Amino acid sequence: MSGRNPRILIIGAALALSGVAPGAAAAPPKSAPGKPPAAKAGASAPKSKLDLPGLQKSLESGDEAQVLQALDTIQKSGDPAGAAPVEALLARGASAKVLLRAIETLRSLGQASSGGALVPYTRHRAPELRRSALRALIATKSPLAGDVLRLALHGDDPVQRSIAARGLGDLDVRAAVPELFSALPKDVAEAAQSLGMLCTGAECEKLLGLLGKLRFDVMESAVVPLLLRPQVEVSDELKLKLIEHLRRMATQPAHQLLQTALAKLPPDGSPQVKRGLERALKGFSATEEQ
Amino acid sequence: MFRLLSAWAGGIALLGSACAGSGVQGTGAPFSETWQADQGESIAALEKRLRSTPAPAATPVAVGVNDVGLFGVTLPDGKPWSHAGGADTLPIVAGNVVVASRAGELFALDAKTGQQLWSLSIKGRKLRGAGDDGALTVAVVAAESPHKSRLIAVNRAGSVVREVDSAVELGYPAVQGGIAFVPWNNQYVSAVELNSGEEVARLLLREIVTQARNFDGQLWFGEKGLVRFDDKIHLATTNQATRVALPERALPGKPVWLGSGNQLWPVSSSARLKIRLAAVPSVSDGSAHFSNHAFLASYFRVVFGLSDRDGSVRFVKSLRADTLGVGAAKRGFATCDASGKVTLLSDSGGDAGSVELGGRLTACTLDVSAASFTQKQPPPALAEQLGEALNDLTPDMAVAQKLLLDELVKLDQPIVTKILIDLTSSAKIPPDLRAAARALIATRRSGKQYMLAALERHYDYINDVLLPPPLGPLADALSAMNEVAATPLLARHLNDPANEMTDVERAAQALSKLATPAEYEELRTFFALYRATADEPSLVSAVVAIGGALLRIGGPPGRTLVERAAQDPLTQTDVKRGLTALLTSEAQPSGPKAPGVAQTAQRP
């Protein structure tokens with residue numbers, strides 16, 4: 001039996017970092033009686049158009065319809081000040097319907113501070129809550145998200161793993177590259193795109209080496225992001241190698257991928273890569289020397 | 001071929017019983033049903049006469065059979081030989097010859113070299129049993145249809161010195177000093193002087209007798225139990241002869257030791273050849289027992305060494321292919337498997353070497369009753385042997401796995417806990433066995449270190465940990481052991497959705513008893529996540545149990561949490577009821593326990 005699972009240490013650290021850990025769940029034990037955390041948070045926040053005390057009251061009413069109405073109001077307002085009472089609601093717990101709406105509200109508000117309230121729900125037993133919490137966490141760009149997504153990549157829910165793999169690329173979590181490489185051949189196709197967004201140097205060579213070993217439909221999502229990366233991150237030489245590899249495959253999907261890359265190449269993109277794409281699409285070697 | 005034929009074709013010839021009861025003088029034609037019991041006089045006199053001419057022990061040899069031929073090797077380290085052409089029934093090792101039949105021919109090979117000694121026609125019959133006294137080979141051959149047994153005695157030159165056709169079924173014969181011992185009618189052993197063809201003595205047994213066997217030069221008669229051909233043989237009718245029998249023991253496939261000597265053992269892929277027992281009777285200090293004080297049982301790819309006193313398991317070994325033959329030696333055992341490997345074991349199951357017969361086999365015969373094998377490497381501890389065998393067995397071996405598991409839990413060693421945990425974590429273990437192992441883990445009270453180590457592990461898709469630890473059984477065991485060191489590990493598992501809900505429930509119940517304030521945050525998170533979303537009874541029970549833990553270790557914040565949840569309309573109805581009951585019983589210390597918090601017993 002190996003020692004303690006590092007995954008657990010990660011989530012432990014994540015929870016410890018989150019605002020949830022020391023006394024945020026359920027009733028707010030750290031708050032003064034009758035004064036919820038939302039009000040406390042609101043005190044130092046910029047003035048809000050929302051009736052925060054009224055919304056707080058509705059969210060604590062225990063009446064599902066009232067709670068949903070309050071969440072609707074907050075979501076429609078788009079006011080970041082509305083995040084804190086929703087986070088407190090998550091910390092207390094509620095019915096699945098309310099929780100889903102609350103998580104969706106935090107997602108739409110996109111406040112990094114909401115991460116702590118969302119983290120526990122990324123491990124909820126109900127898949128829809130768990131997945132929704134992961135998506136919301138990605139949207140908040142919380143500093144907790146990287147570790148939590150890496151942890152989610154190890155979980156037993158394939159949808160959760162896909163969300164996590166994609167999120168790690170979107171959030172530029174470079175530390176996750178080794179895990180994404182481990183996940184890629186294990187039916188986590190979304191890892192390819194993220195690796196295309198995150199790899200550097202030898203990692204990109206390794207990714208390129210998987211072309212032909214893994215199914216093309218798994219690998220294709222890595223190609224365009226990789227070709228669109230700036231030269232400081234991925235060399236033109238490697239990109240041309242990739243283009244040439246795709247040209248030599250001489251398949252319709254590979255050809256289409258080259259067309260997509262050319263179409264998406266920014267005007268200030270590498271002229272060498274652009275030339276290589278154009279040559280490859282005409283059936284010539286991507287590197288002029290050959 | 002020259003034959004000195006004396007046949008009672010078509011039935012039993014009756015030559016009178018004038019000599020009955022007159023010691024070793026002829027009692028007449030063999031297999032007479034009008035024979036009068038002589039209180040063991042004739043057989044006792046014969047035993048006395050033959051005492052100075054013991055039968056030779058069998059050459060230790062393994063003989064495999066496939067479609068191509070016979071493959072033999074003397075043990076422990078002889079030179080392998082082969083003989084073209086197969087066999088239709090199991091070949092038999094008799095003294096220093098190997099006797100077999102094929103396509104209406106009976107033939108004998110030199111056990112050491114495989115060289116053919118003789119062959120003769122047996123006209124549609126097959127080999128049933130054989131013995132050899134160093135000069136003569138006797139065989140009983142029979143047709144598939146009943147009542148066509150034939151006793152044949154052949155000398156080394158291949159001449160038939162006696163041939164007796166019988167309408168009664170003749171069993172497995174032996175021979176000593178020119179006297180053939182032939183069981184028949186499930187009751188008698190007729191001693192037939194091969195030169196004269198006369199029955200010179202008869203043994204009447206009070207138990208079924210179909211076998212006359214030579215073990216290491218000593219004759220024994222019987223089937224389920226054997227009586228020894230010694231100076232007490234005349235007491236057989238009163239059950240006072242020297243007797244051995246294996247202890248009663250439930251074993252997978254219900255193997256029998258020698259089985260009926262009246263049957264043929266066809267070479268086939270039948271399971272019958274793979275479920276066997278091997279034992280060699282022996283006498284020391286005047287008492288009969290079995291060599292090694294043990295016997296060997298096979299069940300496809302596993303062999304068990306069992307005590308001859310009580311049948312308890314002494315060792316276990318799994319093999320790379322199905323066992324086709326087993327043999328007990330004076331010291332040690334041997335097995336022969338379908339891959340053509342002969343594995344030698346010491347009396348304690350340790351490695352004593354192996355040899356290859358040189359081809360995949362359909363059947364295999366072993367006679368090592370006169371051999372002694374030297375241990376080259378001692379076996380691991382029995383618990384480890386059991387664990388190894390359990391891991392090696394394929395899912396279709398459920399019966400053997402059950403026995404191994406039953407034996408494993410009889411051992412009061414901490415390592416057993418680890419083996420059980422490993423079983424529950426192995427993807428190749430069938431569900432029934434995993435469930436049984438889980439149930440047994442819950443009953444363990446030793447091996448705490450292995451339990452805690454298992455709880456450190458969580459489901460991990462990327463690192464191929466595709467089965468979480470047996471959380472529920474571990475929680476039950478650790479709770480019963482009052483093991484507070486487990487509480488942080490159990491608390492972490494509460495919030496891992498990869499665990500089965502019923503396991504989480506049991507962890508929650510353990511924590512309701514063991515949790516310390518250090519686990520407050522994990523417990524509170526769980527409580528918040530599920531107090532209003534509990535959608536199945538086990539989750540309700542878990543939430544209520546954690547509510548109880550929060551009341552016990554959470555101080556005023558914990559109490560407030562539970563009280564508010566008990567009042568919140570969004571809290572799931574059953575959870576609310578359970579929490580209210582908890583709070584009520586808190587107020588009344590002697591009150592009833594909250595529903596759903598009681599320990600659940602006897603769950604896998």
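Asker: I would appreciate a short explanation of the pairing of strand β5 (residues 97-102) of chain B in the present structure.
Answerer: Strand residues, when the strand is regular, have side chains that alternate between the two faces of the sheet. All names here are of chain B. The buried fraction of β5 amounts to six of the six residues, a majority that puts the element mostly inside the structure. The side-chain alternation of β5 yields two buried faces, one formed by V97, V99 and S101 and the other by V98, A100 and R102. In terms of strand pairing, strand β4 (residues 92-94) meets β5 through three bridges, oriented antiparallel. By the bridge assignment for β5, I92 is matched with V99. Between β4 and the antiparallel strand that follows it, β5, lie two residues; G95 among them carries a positive phi value of about 60°. Here β5 runs beside strand β6 (residues 105-110); their pairing, made up of six bridges, is antiparallel. Bridge pairing links V98 to L109 in β6. What sits between the antiparallel neighbours β5 and β6 is a turn of two residues, in which A103 has the positive phi angle 50°.

Asker: It is not clear to me how the sheet that holds strand β18 (residues 225-228) of chain B should be interpreted in this structure. Could you clarify?
Answerer: For sheets, the rule is that strands pair by backbone hydrogen bonds, running either parallel or antiparallel. Residues and elements named next belong to chain B. Here we have four strands laid out as an open sheet, ordered β16-β17-β18-β19, and antiparallel in their pairing. Each having just a single partner strand, β16 (211-215) and β19 (243-245) make up the two edges of the open sheet. When the angles between neighbouring strand axes are averaged without regard to direction, this sheet yields 30°. Summarising the sheet, β18 and β19 pair through three bridges and their orientation is antiparallel. When the sheet's bridge partners are listed, G225 is paired in β19 with A245.

Asker: Can you help me understand the confidence of the model for chain B in this one?
Answerer: Detail in the predicted coordinates should be disregarded across regions flagged by low pLDDT. Residue and element names in this part refer to chain B. Residue-level pLDDT values for chain B average 91, and 93% of them are 70 or greater. Taken together, the stretch residues 1-24 has pLDDT below 50 and engages in 66 contacts with residues farther than four places along the chain or on a different chain. Note that residues 591-601 has pLDDT below 50 and, in this model, 24 contacts with residues that lie over four places away or in other chains. At the level of chain-chain contacts, confidence expressed as ipTM amounts to 0.85, with global pTM at 0.78.

Asker: Hey, could you run me through the nonpolar core in this one?
Answerer: Inside soluble globular proteins, nonpolar side chains tend to come together where they are buried. All names here are of chain B. A62, F221, F295, L511 and I546 are the most contacted members of the largest nonpolar core, which totals 274 residues. Considering every element that reaches this core, the biggest residue donor is helix α11 (residues 537-553), with ten residues. Not counting the four nearest positions on each side in its chain, L511 is found in contact with T487, L490, A491, E519, L523, I546 and A549.

Thresholds, definitions, all that
- Residues numbered from 1 in each chain as written.
- Chains lettered and ligands numbered in written order.
- Predicted model: local features only at pLDDT ≥ 70, side-chain atom pairs only at ≥ 80, totals over all residues.
- Buried ≥ 20, exposed ≤ 12 C-beta atoms within 10 Å, placed from the backbone.
- Helix = DSSP H or I, 4+ residues; strand = E, 2+ residues; numbered from the N terminus.
- Pairing = 2+ DSSP bridges.
- Axes fitted to C-alpha atoms, helices over the stretch in contact; angles between N-to-C directions.
- pLDDT = per-residue confidence, 0-100.
- Contact = placed C-beta atoms within 7 Å.
- Core = buried A, V, L, I, M, F, W, Y, C linked by C-beta atoms within 7 Å.

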